[in-house]
Amino acid sequence: MTAPYWNHNTHYHPVVLGAMPRGCREALDVGCGDGLLVRRLALRAAHVTGIDRSPEMVEQARAANRDLGNVDFVVADFLSYDLPPESLDFVCCVATLHHMDFADALTAMRDGLRPGGGLAVVGLANNAGLRDLMRSATGLPAHHAHRLRNRAIAGQPAHPVANPDMTWAEVRAEALRLLPGARFRRHTLWRYSLIWRKPR
Ligand SMILES: C[S@@+](CC[C@H](N)C(=O)[O-])C[C@H]1O[C@@H](n2cnc3c(N)ncnc32)[C@H](O)[C@@H]1O
């Protein structure tokens, strides 16, 4: 079992967990990395699948969660994964959407959800100008305060990383186009969240 650790991504796990629908049966974590979030989801869902295209990350995730009977891990590229339509109650994706084509990935997540199902994305984006830069700068004191408070459990898994190529405004506009009614929030620690419920 992986001991829980803190970083800018795990900091927003509560936002993801808070978006899970009640009575969640099937949940999917896209780009599950070492499986820490899958572990947390498994406390609230009947079954959770973690998908990641890195065989090394999936191996770690399986090893860390072998004590759980309601989780499965798949090595696959999410964009070519044969996700049955309307099969999920919840789909989430943390720090991974910018590794994929934004519209294709969000569309696949949306189509995989049952009516009434929930979607939660925590992601990264780029600054586009002075206003964005100033807003990002306000994250520095918060980063230091959180890091100090969590210094005993600060951790960064050795997972594949990529730089985001969309700006905060582009992410927001494209997300609202694909998921009308979604809630987009830009958070202090250089992440956004996108929460959506599929209409019944
Ligand atoms: C920055 S890590 C984030 C991992 C984890 N969600 C977390 O928050 O710690 C991005 C993960 O997405 C995975 N990934 C990138 N592109 C993917 C794709 N097309 N399909 C499945 N997984 C992908 C990478 O292998 C990596 O483990």
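Everything below is about the structure shown above.
The notes below deal with the structure included here. For clarity, every value in this text was computed on a predicted model and none was experimentally measured.

With respect to the site of the ligand
- By nearness alone, 17 residues border the ligand, and Gly31, Asp52, Asp77, Phe78 and Val94 come closest of all.
- A distance of 2.5 Å separates an oxygen atom of the ligand from a polar side-chain atom of Asp52.
- Between the ligand and Asp77 there is a distance of 2.8 Å, counted from a nitrogen atom to a side-chain nitrogen or oxygen.
- In isolation the ligand exposes 600 Å². Once the protein is present, 96% of that is buried.
- Tallied by class, the residues present in the shell around the ligand amount to seven nonpolar, seven polar and three charged.

Details of unusual backbone geometry
- Even without a glycine there, the phi angle at Glu86 is positive, about 50 degrees.
- With respect to the helices and strands, the residue Glu86 is situated in the loop between strand E3 (71–75) and strand E4 (88–94).
- The phi dihedral of Ala95 is positive, around 55 degrees, even though this residue is not glycine.

A word on the side chain of Asp89
- For Asp89, the position within the fold is in strand E4.
- Of the residues examined, Asp89 reaches a relative accessible area of 8% and is grouped as buried.
- Here Arg25 takes part through its backbone nitrogen, which lies 2.9 Å from a polar atom of the side chain of Asp89.
- There is a polar contact of 2.8 Å between the side chain of Asp89 and the backbone nitrogen of Glu26.
- Look past the residues within four positions of Asp89 in its chain and what remains in contact with it is Pro21, Cys24, Arg25, Glu26, Leu113, Arg114, Gly117 and Gly118.

Here we look at the pairing of strand E7 (residues 192–197)
- Counting buried positions along E7 gives five out of six residues, so the element sits mostly inside the fold.
- Sheet analysis places strand E5 (residues 113–123) next to E7, joined by six bridges and oriented antiparallel. Residue pairing for E7: Ala120 is matched across the bridge by Ile195.
- As paired elements, strand E6 (residues 183–186) and E7 share four bridges and run antiparallel to each other. Counterpart to Arg185 in the pairing with E7 is Ser193.

Let's talk about helix H6 (residues 139–149)
- Within the sequence span of H6, burial applies to Gly139, Ala142, His143 and His146. Looking straight down H6, one finds that the buried residues subtend no more than 105 degrees of arc, so they occupy a single side. Exposed positions of H6 whose direction lies more than 90 degrees from the buried face are Pro141, His144 and Leu148.

Let's talk about the packing of helix H4 (residues 102–112) against helix H7 (residues 168–178)
- Packing of H4 against H7 brings their axes to within 10 Å, and their N-to-C directions diverge by 35 degrees. Crossing of H4 against H7: the hand is right-handed. Mapping the contact onto sequence places Phe102, Ala103, Leu106, Thr107 and Arg110 in H4 and Val171, Glu174, Ala175, Arg177 and Leu178 in H7.
- In the contact of H4 with H7, the residues fall into six nonpolar, one polar and three charged.

Quick word on the packing of helix H5 (residues 130–137) against H6
- Where H5 contacts H6, the two axes come as close as 5 Å, and the packing angle between them is 25 degrees. Compared by their axis directions, H5 and H6 come out roughly parallel. Facing H5, whose interface residues are Arg135, Ser136 and Ala137, H6 presents Gly139, Leu140 and Pro141.
- Per-class residue counts for the contact of H5 with H6 are three nonpolar, two polar and one charged.

About the criteria used
Residues numbered from 1 in each chain as written. Predicted model: local features only at pLDDT ≥ 70, side-chain atom pairs only at ≥ 80, totals over all residues. Heavy atoms only, no water. Near = heavy atom within 4 Å. Polar contact = N/O pair within 3.5 Å; in protein donor to acceptor, adjacent residues only side chain to side chain. Areas by Shrake-Rupley, 256 points an atom, 1.4 Å probe, with all protein chains shown as cover. Nonpolar A, V, L, I, M, F, W, Y, C, P; charged D, E, K, R; others polar. Helix = DSSP H or I, 4+ residues; strand = E, 2+ residues; numbered from the N terminus. Buried < 20%, exposed > 50% of the residue type's maximum accessible area, 1.4 Å probe, protein only. Contact = heavy atoms within 4.5 Å. Pairing = 2+ DSSP bridges. Arc of directions from axis to C-beta. Axes fitted to C-alpha atoms, helices over the stretch in contact; angles between N-to-C directions. Left-handed = near helix turned anticlockwise from the far one by under 90°. Parallel < 35°, antiparallel > 145°, perpendicular 65-115°, else oblique.

Worth remembering: the numbers are spatial, not functional.
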